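Observations on chain architecture
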Amino acid sequence: VSQSRYATVWKHGKLTAINDLLAEWEQKGWKQKLLDGSARLVLTGGSPVAQQKGLTALLEQLHANDVLPRVEVETEGTLKPAPEFDRHICQSSFL
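Residues numbered from 1 in each chain as written. Predicted model: local features only at pLDDT ≥ 70, side-chain atom pairs only at ≥ 80, totals over all residues. Heavy atoms only, no water.

Quick notes on the nonpolar core
Here is a general trend for soluble globular proteins: nonpolar side chains tend to be buried in one another's company. In this structure, Trp 25, Leu 41, Leu 43, Leu 59, Leu 62 and Phe 85 are the most contacted members of the largest nonpolar core, which totals 17 residues. Counting residues per element, the ones that place at least two in this core are helix 1 (18-28), strand 3 (40-43), helix 3 (52-64) and strand 4 (70-75). Among all residues touching Leu 62, those that are not within four sequence positions of it are Ile 18, Leu 22, Trp 25, Leu 41, Val 67 and Pro 69. (Core = buried A, V, L, I, M, F, W, Y, C linked by side-chain atoms within 4.5 Å. Buried < 20%, exposed > 50% of the residue type's maximum accessible area, 1.4 Å probe, protein only. Helix = DSSP H or I, 4+ residues; strand = E, 2+ residues; numbered from the N terminus. Contact = heavy atoms within 4.5 Å.)

Quick notes on the environment of Ser 47
Structurally, Ser 47 can be placed in the loop between strand 3 and helix 3. For the pair Ser 47 and Glu 74, spaced 27 residues apart in the sequence, the C-alpha separation amounts to 7.7 Å. Residues contacting Ser 47, with those up to four places away along its chain left out, are Glu 76 and Leu 79.

A word on the pairing of strand 3
On strand 3, burial follows the alternation: Leu 41 and Leu 43 on one face are buried, whereas Arg 40 and Val 42 on the facing-out side are not. Bridge count for strand 3 against strand 4 is four bridges, and the pairing is parallel. Along strand 4, the bridge assignment pairs Val 42 with Glu 72. With helix 3 bridging strand 3 and the parallel strand 4, this β-α-β connection has right-handed handedness. (Pairing = 2+ DSSP bridges. Right-handed = clockwise from strand over helix to strand, strands pointing away.)

Looking at the environment of Lys 28
Along the chain, Lys 28 falls in helix 1. Lys 28 sits in the partly exposed class, given a relative accessible area of 43%. A distance of 2.9 Å separates polar atoms of two side chains, one belonging to Lys 28 and the other to Glu 24. (Polar contact = N/O pair within 3.5 Å; in protein donor to acceptor, adjacent residues only side chain to side chain.)

Section: helix 3
Between the first and last C-alpha of helix 3 there are 18 Å, a value that for 13 residues agrees with the 18 Å anticipated at 1.5 Å per step. Within helix 3, the full set of buried residues consists of Gln 52, Leu 55, Thr 56, Ala 57, Leu 58, Leu 59, Gln 61 and Leu 62. Count one or two residues on from helix 3 and you reach Asp 66, which has phi positive near 60°. (Expected span 1.5 Å × (residues − 1).)

A look at the pattern of salt bridges
All chains considered together, the criterion is met by four salt bridges. Between Glu 26 and Lys 31 there is a salt bridge, and its shortest N-O distance comes to 3.5 Å. One salt bridge connects Glu 72 with Arg 40, and the closest N-O pair in it is separated by 2.6 Å. Taken together, the residues Glu 72 in strand 4 and Arg 40 in strand 3 connect sequence positions 32 residues apart. Note on Glu 72: relative accessible area 5%, which makes it buried. (Salt bridge = Lys/Arg side-chain N within 4 Å of Asp/Glu carboxyl O.)

Structural measurements only, silent on function.
What follows is the structure in structure tokens.
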């Protein structure tokens, strides 16, 4: 994940620009649900905490675009989140 204004993220095995991701979320109504708190962003699969540097960049880009979702991380709990990642997390689920 890049830290530029147009960061890229992996989505279904393909790199996707953050602005394209936000446009898709807008089209599907997910962005509004994240904004009004009726939905949350769940980070799961393949130990998200192991990817915290890239995920932190993604979450910072969401914040820069005024998308401040409630974020949940599903983790096995073997890695400790860094403070810059942890400050974005509302809830952790240990698997």
